[in-house]
Amino acid sequence: MKKALLWRATILLVCAAVLASIFLAVAVFFVTTATGQSLDQRAFNGAFLGQRTVGPVALTLLDALPITGVAVAVVLAILVTIVRRNWWVLVAALVTAGVANIATQAIKNVFLERPDLGVVGYAVNSLPSGHTTLAASAALIVFLVSSQRTRPMVSALGALFATSIGVSTLANQWHRPSDVVAAFLLVSLFGCLAGFVLIWFRFTDEAPKRDLLSRLLLLLALPCAGLALLTVFVSGFSAIAYIGSAAGIATVALLLAAGANHAFRFLR
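Definitions and cut-offs
Starting from 1, residues in each chain are numbered consecutively following that chain's sequence as written. Local features in this predicted model are restricted to residues of pLDDT 70 or higher, and side-chain atom pairs are both shown and tallied only at a pLDDT of 80 or more, whereas totals for entire chains, interfaces and linings draw on every residue. By convention in this description, side-chain values take in all heavy atoms of the structure and omit both hydrogens and water. Only DSSP runs of H or I with at least four residues qualify as helices, and only runs of E with at least two residues qualify as strands; both kinds are numbered from the N terminus onward. Whether a residue is buried, partly exposed or exposed follows from its accessible area with a 1.4 Å probe, protein chains only, as a fraction of its type maximum: under 20%, in between, or over 50%, in that order. The criterion used for residue contact is that any of the two residues' heavy atoms lie within 4.5 Å. Here the open area of atoms and residues is found with the Shrake-Rupley method and a 1.4 Å probe, where only the protein chains shown may cover a residue. In this analysis a 1.4 Å probe is tested at points of a 1 Å grid over the protein atoms alone, and where it fits but cannot get out there is a cavity; an open set with protein on both sides within 12 Å along at least five of seven lines is a pocket; lining residues have an atom within 4 Å of a point. Grid points are joined across faces, edges and corners, and a volume is the space filled by probe spheres set on the points. Angles shown run from 0 to 180 degrees and are taken between the N-to-C directions of axes, each axis being a line fitted to C-alpha atoms and, for helices, limited to the stretch in contact. Geometric relationships in this document are graded by angle, where less than 35 degrees denotes roughly parallel, more than 145 denotes roughly antiparallel, 65 to 115 denotes roughly perpendicular, and other angles denote oblique. Nonpolar residues are Ala, Val, Leu, Ile, Met, Phe, Trp, Tyr, Cys and Pro. Charged residues are Asp, Glu, Lys and Arg, and all others, Gly as well, are polar. One less than the residue count of a helix, multiplied by 1.5 Å, gives the span that helix is expected to have. Arc, as used here, means the arc of the directions from the helix axis to the C-beta atoms. Within this analysis, patches are made of residues with over 30% relative accessible area and no salt bridge. Like charges are joined at 9 Å or less; nonpolar side chains (Val, Leu, Ile, Met, Phe, Trp, Tyr) at 5 Å or less. Salt bridge, as used here, is a side-chain nitrogen of Lys or Arg placed within 4 Å of a carboxyl oxygen of Asp or Glu. In this description, a nonpolar core means a group of buried Ala, Val, Leu, Ile, Met, Phe, Trp, Tyr and Cys residues linked to one another through side-chain atoms lying within 4.5 Å.

### A word on the overall build of the protein chain
Within the protein chain one finds 10 helices and zero strands. Secondary structure elements in the protein chain, listed N-terminal to C-terminal, are α-α-α-α-α-α-α-α-α-α. Of all 268 residues assigned to the protein chain, the portion counted as buried reaches 49%. Counted over contacts in the protein chain with a minimum sequence separation of 6, partners at least 24 positions apart contribute 85%. Just so you have it, the protein chain exposes about 13,100 Å², and 74% of that area is on carbon and sulfur atoms.

Written out as structure tokens, the structure reads:
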């Protein structure tokens, strides 16, 4: 059992390191290079398509997020905690979510600056997205306190919720695509660190049941990834770049949700 515990703890730590590296790569490429800024700006400009189609709904969703989304997640997490009596897990989840949101604001407003590289458009740095971080961290709270049996369903619903918020910020031209992806990566990074701490106290070597839902998430990610890659070749059209970036955001959320199910399946 000790060997299995060390192996699973190592996996979570390696996942955190990989996510940190990808986050850094996304931030450097899309914020500090002309090519990255241009790709982001094309999708941002193409969001006029989103404003014409889903803009009103997206704006309503964004306005309701600070009150309803987080409140529902915390209440649900408390109810689950009362039933399962895992109060320390709830405390760890709340601390993790809080740190993720503080880190988002610090990175965006203090540590990361967007240089002027001649790309016409919104000039101020907005990576990572605060709204997306808030949504993803709310989903993370419920995910951590959930049981092994319900965790795959929670991750799928959380991915849907966070993706809706992330795409909404893009559709309303509040954020660029990289801002949303960076928020997903940052929350997932802190989630892995929380899992690394918790697994030492709540590890189980019971073999979990086959996770068919994670396989479904991976299958859904394939067409989204294909659409995102396909639009890269015609990204000169801003509307197409917007559609591709929305597909890319969904791809990242689905892959992270499926990966979380696998990485946390031995967390009791």
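What follows continues from the structure just given.
### Topic: the layout of surface pockets
Of the voids in this model, the largest pocket is the one considered here, and its volume is about 1,200 Å³. Lining the largest pocket are 50 residues, with Val181, Phe184, Val252, Ala253 and Leu256 positioned closest to its centre. Contributing elements (two or more residues each) for the lining of the largest pocket: helix 1 (2-32), helix 2 (34-45), helix 6 (130-145), helix 7 (151-171), helix 8 (177-202), helix 9 (212-232) and helix 10 (238-263). Top contributing element to the lining of the largest pocket by residue count: helix 10, with 15 residues.

### Regarding the packing of helix 1 against helix 2
The N-to-C vectors of helix 1 and helix 2 enclose an angle of 80°; their axes lie 5 Å apart at closest approach. By the angle class used here, helix 1 and helix 2 are roughly perpendicular. Contact residues: Phe29, Phe30, Val31 and Thr32 in helix 1; Ala34, Thr35, Gly36, Gln37, Leu39 and Asp40 in helix 2. In terms of residue class, the contact of helix 1 with helix 2 is made up of five nonpolar, four polar and one charged.

### Focus on helix 2
Here helix 2 contains 12 residues, and its C-alpha end-to-end distance of 16 Å stays within 8% of the 16 Å for a straight helix at 1.5 Å per residue. Every buried residue of helix 2 is accounted for by Gly36, Gln37, Asp40, Gln41, Ala43 and Phe44. Buried residues along helix 2 cover an arc of 160° about the axis, so they all sit on one side. Elements in contact with the buried residues of helix 2: helix 1, helix 7, helix 8 and helix 10.

### So, the environment of Thr81
Mapped onto the fold, Thr81 is located in helix 4 (residues 55-84). The class for Thr81 is buried, based on a relative accessible area of 0%. The spatial distance from the C-alpha of Thr81 to the C-alpha of Ser146 is 8.2 Å, given a sequence separation of 65 residues. If near-sequence neighbours (up to four positions away) are discounted, Thr81 is found in contact with Asn86, Trp87, Leu90 and Val145.

### Some words on a nonpolar patch on the surface
On the surface, Val75, Ile78, Leu79, Ile82 and Trp87 cluster together into a nonpolar patch covering about 470 Å² of accessible area. Residue contributions to the nonpolar patch peak at four residues, all from helix 4. One can find Trp87 in helix 5 (residues 87-111). Judged by its relative accessible area of 44%, Trp87 falls in the partly exposed class.

### Concerning the nonpolar core
The biggest cluster of nonpolar side chains holds 64 residues, and the ones touching the most others in it are Leu127, Leu144 and Phe264. Of all the elements in the fold, those that place two or more residues in this core are helix 1, helix 4, helix 5, helix 6, helix 7, helix 8, helix 9 and helix 10. Here this core gets 13 residues from one element, more than from any other, and that element is helix 8. Setting aside chain neighbours within four positions, we find Phe264 in contact with Leu12, Phe143, Leu144, Arg151, Gly191, Cys192 and Gly195.

### Details of unusual backbone geometry
Geometrically, the link from Leu127 to Pro128 is a cis peptide bond, its omega value of 0° lying close to zero. Structurally, the position occupied by Pro128 is in the loop between helix 5 and helix 6. Although it is not a glycine, Gln173 sits at a positive phi angle of roughly 55°. Mapped onto the elements of the fold, Gln173 is located in the loop between helix 7 and helix 8.

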